[in-house]
Amino acid sequence: MSKTILLAGATGLVGGAVLPLLLADAHVGKVVALVRRPLAMEHLKLEQWVDEDLLDALRPVAVDAVICCLGTTIKAAGSQAAFIAVDKVLPLGIARWAKAQGVPAFCIISAMGADAGSRIFYSRVKGEVEQELAGMGFGSLALFQPSVLTGPRKERRAGEGIGSAVLKLLGPLLAGTWANYRVMPHDRLAKALVACALVPAEGIHRYRYRDILCLAR
């Protein structure tokens, strides 16, 4: 049976790579793109739920899985409160909607170092999101924890650019658990997300560097 997948963050680096993969997959019958503004594209499989407030765009319709690629930086958001609105309030709001609709699988991009008890604001928020999602009782919850992402971003992120360059140089030297800090190509992460949404694994799973590459094959 063909599946219906809801994608949040279709205009971002990873979400923009996930969308065409879903549309091209024979196992997907419909892709619901949750967006603030209409996408400049049409496709027989594509349905767009549009609202400036993404949570207001949600409808009482069952889908088979959610892929959440929402995310920003404190610099881009402008404040910690604005960052929380994008990286915590929206994903958790979508997750609550999904749970209410009986959606069995939820896949989300988190981050390396996500820890609700961390002193680092970014890591703490990501950890809090993971913690709340884990308590919602999804049949399948996939938490993706990549390191620095590479790919054609629409906006420049100087810090990530420097971090990516350094990690690329160090990549071959990073072994064991340190291998999880190798840079992650955005298209590999996109393939892994799609794989998890289409064939969800029961329970809560955290996917890091090697796991993501395996899923993307």
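Thresholds applied
- Residues numbered from 1 in each chain as written.
- Predicted model: local features only at pLDDT ≥ 70, side-chain atom pairs only at ≥ 80, totals over all residues.
- Heavy atoms only, no water.
- Core = buried A, V, L, I, M, F, W, Y, C linked by side-chain atoms within 4.5 Å.
- Buried < 20%, exposed > 50% of the residue type's maximum accessible area, 1.4 Å probe, protein only.
- Helix = DSSP H or I, 4+ residues; strand = E, 2+ residues; numbered from the N terminus.
- Contact = heavy atoms within 4.5 Å.
- Pairing = 2+ DSSP bridges.
- Axes fitted to C-alpha atoms, helices over the stretch in contact; angles between N-to-C directions.
- Expected span 1.5 Å × (residues − 1).
- Parallel < 35°, antiparallel > 145°, perpendicular 65-115°, else oblique.
- Left-handed = near helix turned anticlockwise from the far one by under 90°.
- Nonpolar A, V, L, I, M, F, W, Y, C, P; charged D, E, K, R; others polar.
- Lys, Arg positive; Asp, Glu negative; His and termini not counted.
- Salt bridge = Lys/Arg side-chain N within 4 Å of Asp/Glu carboxyl O.
- Right-handed = clockwise from strand over helix to strand, strands pointing away.

Draft legend 1. Structural detail: the nonpolar core. Of all hydrophobic cores here, the largest spans 39 residues; its most connected members are Val14, Val18, Ile67, Phe144, Leu189 and Leu193. When contributions to this core are tallied by element, the ones reaching two or more residues are strand E1 (3–8), helix H1 (15–24), strand E2 (28–35), strand E4 (65–68), strand E5 (105–109), strand E6 (140–144), helix H7 (186–198) and helix H8 (209–216). When residues in this core are grouped by element, the largest group, 8 residues, is from H7. Beyond its immediate stretch of four places on either side in the chain, valine 18 contacts Leu7, Ile67, Cys69, Ala190, Leu193 and Val194. Leu90, Ala95, Met136 and Leu143 belong to the second-largest nonpolar core, a separate cluster that totals 27 residues.

Draft legend 2. Here's a closer look at the pairing of E1. In terms of burial, E1 is largely enclosed, as 5 of its 6 residues are buried. Bridging between E1 and E2 involves 6 bridges; their strand directions are parallel. Counted as the bridge partner of alanine 8 is leucine 34 from E2. Where E1 lies against E4, 4 bridges are found, and the strand directions are parallel. Each bridged residue has a counterpart across the sheet, and for leucine 7 the counterpart in E4 is isoleucine 67.

Draft legend 3. Just the sheet that holds E5, in detail. Across the sheet, which stays open at both edges, the 7 strands sit in the order E3-E2-E1-E4-E5-E6-E9 with parallel pairing between neighbours. The open sheet terminates on both sides in strands that have one partner only, identified here as strand E3 (46–50) and strand E9 (203–207). Adjacent strand axes in the sheet meet at a mean angle of 15°, parallel and antiparallel pairs treated alike. Taken together, the 5 bridges between E2 and E3 define a ladder with parallel strand orientation. Counted as the bridge partner of valine 32 is glutamate 47 from E3.

Draft legend 4. Molecular detail of helix H5 (residues 121–134). Here H5 is 14 residues long and its end C-alpha atoms lie 20 Å apart, about the 20 Å a rise of 1.5 Å per residue gives. Here H5 has its buried residues at Phe121, Ser123, Val125, Lys126, Gly127, Val129, Glu130 and Leu133. Structurally, H5 contributes buried residues whose contacts are with helix H3 (74–77), helix H4 (80–100), E5, E6 and E9.

Draft legend 5. View of the environment of serine 123. As for its position among the elements, serine 123 is in helix H5. Judged by relative accessible area, which is 10%, serine 123 ranks as buried. Discounting residues that sit within four places of it in the chain, serine 123 has contacts with Gly113, Ala114, Asp115 and Ser118.

Draft legend 6. Representation of the packing of H1 against H7 within the structure. With their axes 8 Å apart at the nearest point, H1 and H7 run at an angle of 45° to one another. One element, H1, and the other, H7, form an angle in the oblique class. For the pair H1 and H7, the crossing hand works out as right-handed. Each of Ala17, Val18, Leu21 and Leu22 in H1 lies in contact with H7, whose residues at this interface are His186, Ala190, Lys191, Leu193 and Val194. Its residues placed into classes, the contact of H1 with H7 shows 7 nonpolar, 1 polar and 1 charged.

Draft legend 7. Focus on the side chain of aspartate 25. Position of aspartate 25 among the secondary structure elements: in the loop between H1 and E2. Within the buried core, aspartate 25 has no salt-bridge partner, and the shortest N-O distance to an opposite charge, that of lysine 45, equals 6.3 Å. With near-sequence residues (within four places) excluded, aspartate 25 lies in contact with Lys45 and Leu198.

Draft legend 8. Region of interest: the pairing of E6. Summarising burial for E6: 5 of the 5 residues are buried, a large majority. Neither face of E6 is open: one carries Ser140, Ala142 and Phe144, the other Leu141 and Leu143, and all of them are buried. Note: E5 against E6, 5 bridges, orientation parallel. Bridge pairing links isoleucine 108 to leucine 143 in E6. In this fold, E5 hands off to H5, which returns the chain to E6; that crossover is right-handed. As paired elements, E6 and E9 share 5 bridges and run parallel to each other. Note on E9: the bridge partner recorded for serine 140 is glycine 203.

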